[in-house]
Amino acid sequence: MYQLKRAWAEIDLDAVEHNYREVRRLTGDKVKIMAVVKANAYGHGSSQVSRLLESCGADFFGVSNLMEGISLRRAGVEKPVLILGYTPLDSVRRLYEFDLIQTLLDRDYARLLAEAAAREGFTLNTHIKLDTGMNRIGFRDEGDGELISEVSRLCYHPNLKVSGIFTHFAAADEETPQAEAFTRAQHGRFMEVCRVLEENAYSLDIHCCNSAATVFYPEFHHSMVRPGIILYGCSPTGKPLKEISLKPAMKLMSAVELVKTVKKGEKISYGCTFEAPRDMRVASVPIGYADGYPRSLSNRGFAFARDKILPIVGRICMDQLMLDASEANVKPGDPVAFFGGDSPIEIETVAELTNTINYEIMCGVSRRVQRVYLRGGQICEVEDYTL
Ligand SMILES: *Cc1c(COP(=O)(O)O)cnc(C)c1O
């Protein structure tokens, strides 16, 4: 458990547990929770987060691809794992070996997957994805009245055990009347198909709620919800939510490497884009865009050290950046926070300044950044992906 103290992300497992319990409060005990842990649990570390959530009672896990699914199994996760996206057909044996549930993306994919499973001589566990308006993946209503019978037929295919059906909302996080109407229309299309399957007494997991829908549309929970971002303590809208109490779990940190005085008129960093307007104290910090801290925050972002907000001066480099530390008595080794935790900088502020969303900032924290796990405020594990 060696902590390098160069650039690291503190992951507060107590916060993740708190957020999980908040989701559980919204769903009640009868609805299953599929914890979405794709993209390395949105940058938080899928092994640690999944093991924690499994011990808290999470019923299911959602990942984006086969390798993420295998990685959960290697971490010891035993609960069902659904691959929400595409798996190449030449990898079907691995789905079977690692007991992963594959999403059926459309009719052609379902047919080819079934053929591949038949050739290998096994039955694959699957969930059917319906495209109800997102136009990404899923079975679509082609207007030929075939959708329902097609989906029903799949439910007794010898090589595809269908154990669930789901759809995904395009705008559940938006509060406009148009977005709400769109979400309700998507749900209506989804229900048309689910109703027929239920009448035929197929016992399926029915799920459509991402974080936003889990919070805003409790009547759409059905048998399972699929929250991602709220488990990590952030809002899917980027704005505070009154329905649920969330604790952001990630704090991005680094430490001052050196402090110097830069004279009035001197330039700082690549391109000489910053000229010192006065003599200033400048702190160099070993974190850069290769760590996932966006380069577009050059001369715009800020960090927090010694109880002061310090502006970033000059271009952000691959591995380092410079802070105007004139107002703070920082010394080499002092911790610097870039967002999250008890710092006054929210990840949403960083996202806004870079014209993106909190999701992208947390997923973007690179594998060079050590993940330092906290329980009761104490370090309990350090993950270094580069070793
Ligand atoms: C990523 C994803 C989710 C979780 O979305 P959040 O907005 O993070 O809750 C749910 N379902 C599917 C299909 C996804 O791809």
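None of these values were measured; they are calculated from a predicted model.

Draft legend 1. Representation of the overall build of the protein in the model. Across its full length, the protein holds 11 helices and 20 strands. Computed over C-alpha atoms, the radius of gyration of the protein comes to 24 Å, within 12% of the 21 Å expected from 2.2 N^0.38 for 387 residues, which places it in the range of a compact globule. With the C-alpha coordinates of the protein rotated into their principal frame, the extents come out at 75 × 45 × 40 Å. Looking at the protein residue by residue over its 387 residues, the buried ones come to 54%. Approximately 17200 Å² of the protein is accessible, and the part contributed by carbon and sulfur atoms is 50%.

Draft legend 2. The packing of helix α7 (residues 147-154) against helix α8 (residues 177-199), seen in detail. Running from N to C, α7 and α8 point in directions that differ by 45 degrees, and their axes come no closer than 10 Å. The angle between α7 and α8 places the two elements in the oblique class. The two elements α7 and α8 cross, and the hand of that crossing is right-handed. Of the residues in α8, those touching α7 at Leu 147, Ile 148, Val 151 and Ser 152 are Glu 192, Val 193, Val 196 and Leu 197. When grouped by side-chain class, the residues that make up the contact of α7 with α8 number 6 nonpolar, 1 polar and 1 charged.

Draft legend 3. Broad picture of α8. With 23 residues, α8 ought to run about 33 Å at 1.5 Å a step, and its terminal C-alpha atoms sit 32 Å apart, in line with that. Buried within α8 we find Ala 179, Thr 183, Gln 186, His 187, Phe 190, Met 191, Val 193, Cys 194 and Leu 197. Close packing links the buried residues of α8 with β6 (124-130), α7, β7 (160-167) and β8 (205-209).

Draft legend 4. Spotlight on the pattern of salt bridges. Applying the stated criterion across every chain yields a total of 21 salt bridges. A salt bridge links Glu 115 to Arg 111, with the nearest nitrogen and oxygen atoms 3.6 Å apart. Within this pair, Glu 115 and its partner Arg 111 are both found in helix α6 (residues 107-120), separated by 4 residues, close to a single helical turn. When salt bridges that share partners are traced, they join Arg 6, Asp 291, Asp 319 and Arg 368 into one network.

Draft legend 5. Broad picture of the site of the ligand. Around the ligand sit 13 residues, and of these Lys 38, Tyr 42, Ser 211, Arg 226 and Tyr 359 come closest. One of the side-chain nitrogen or oxygen atoms of Tyr 42 is found 2.5 Å away from an oxygen atom of the ligand. Between an oxygen atom of the ligand and a main-chain N or O atom of Gly 228, the distance comes to 2.8 Å. Starting from 390 Å² of accessible surface for the ligand in isolation, the protein chains cover 92%. Class assignment for the residues of the shell around the ligand results in 6 nonpolar, 4 polar and 3 charged.

Draft legend 6. Spatial organisation of the sheet that holds β8. With respect to topology, 8 strands assemble into a closed barrel ordered β2-β3-β4-β5-β6-β7-β8-β9, the strand pairing being parallel. As defined by bridge partners, strand β5 (residues 101-104) adjoins β6 across 3 bridges and the pair is classed as parallel. Bridge assignment links Gln 102 to a residue of β6, and that residue is Thr 126. Each of β5, β6 and β7 touches α7; the most contacted strand, β6, lies at about 165 degrees to it.

Draft legend 7. Geometry of the sheet that holds strand β11 (residues 258-262). Taken in spatial order, the 3 strands make up an open sheet running β11-β14-β17, and their pairing is antiparallel. Each end of this open sheet is capped by a strand with a single partner; those strands are β11 and β17 (321-324). This sheet shows a mean twist of 30 degrees between the axes of neighbouring strands, independent of strand direction. One ladder, built from 5 bridges, connects β11 with strand β14 (residues 280-285); its direction is antiparallel. Residue pairing for β14: Val 262 is matched across the bridge by Met 280.

Draft legend 8. Layout of helix α1 (residues 13-27). Taking 1.5 Å of rise per residue, 15 residues should cover 21 Å, and α1 covers 21 Å from first to last C-alpha, within 8% of that figure. Looking at where α1 begins, the residue whose side-chain oxygen comes 3.0 Å from the main-chain nitrogen of Asp 14 is Asp 12. Looking at the residues trailing α1, positive phi occurs at Gly 28, about 75 degrees.

Draft legend 9. Region of interest: the environment of His 222. Tracing the sequence through the fold places His 222 in the loop between α9 (211-216) and β9 (224-225). Counting along the chain gives 16 residues from His 222 to Ile 206, while the straight-line C-alpha distance between them is 5.9 Å. For His 222, the contacting residues outside a window of four places in its chain are Val 31, His 187, Met 191, Ile 206 and Cys 208. Separated by 2.8 Å, the side chains of His 222 and His 187 make a polar contact.

Draft legend 10. Representation of unusual backbone geometry within the structure. Positioned with a positive phi, Ser 269 is a non-glycine residue whose angle comes to about 70 degrees. By the element assignment, Ser 269 lies in the loop between β12 (267-268) and β13 (274-275).

Draft legend 11. Inspection of the packing of aromatic side chains at higher detail. Tallied over the full model, the rule gives 7 aromatic pairs. Measuring from ring centre to ring centre gives 5.9 Å for Phe 169 and Phe 220, while their planes differ by 40 degrees; the resulting arrangement is tilted. Of this pair, Phe 169 sits in the loop between β7 and α8 while Phe 220 is found in the loop between α9 and β9, placing the two residues 51 residues apart along the sequence. Phe 220 matches Phe 169 in its accessibility class, with the two residues each being buried.

Rules used throughout
- Residues numbered from 1 in each chain as written.
- Predicted model: local features only at pLDDT ≥ 70, side-chain atom pairs only at ≥ 80, totals over all residues.
- Heavy atoms only, no water.
- Helix = DSSP H or I, 4+ residues; strand = E, 2+ residues; numbered from the N terminus.
- Rg over C-alpha atoms; globule rule 2.2 N^0.38 Å.
- Buried < 20%, exposed > 50% of the residue type's maximum accessible area, 1.4 Å probe, protein only.
- Areas by Shrake-Rupley, 256 points an atom, 1.4 Å probe, with all protein chains shown as cover.
- Axes fitted to C-alpha atoms, helices over the stretch in contact; angles between N-to-C directions.
- Parallel < 35°, antiparallel > 145°, perpendicular 65-115°, else oblique.
- Left-handed = near helix turned anticlockwise from the far one by under 90°.
- Contact = heavy atoms within 4.5 Å.
- Nonpolar A, V, L, I, M, F, W, Y, C, P; charged D, E, K, R; others polar.
- Expected span 1.5 Å × (residues − 1).
- Salt bridge = Lys/Arg side-chain N within 4 Å of Asp/Glu carboxyl O.
- Near = heavy atom within 4 Å.
- Polar contact = N/O pair within 3.5 Å; in protein donor to acceptor, adjacent residues only side chain to side chain.
- Pairing = 2+ DSSP bridges.
- Phe/Tyr/Trp six-rings, centres within 6.5 Å; stacked < 30°, edge-to-face > 60°.

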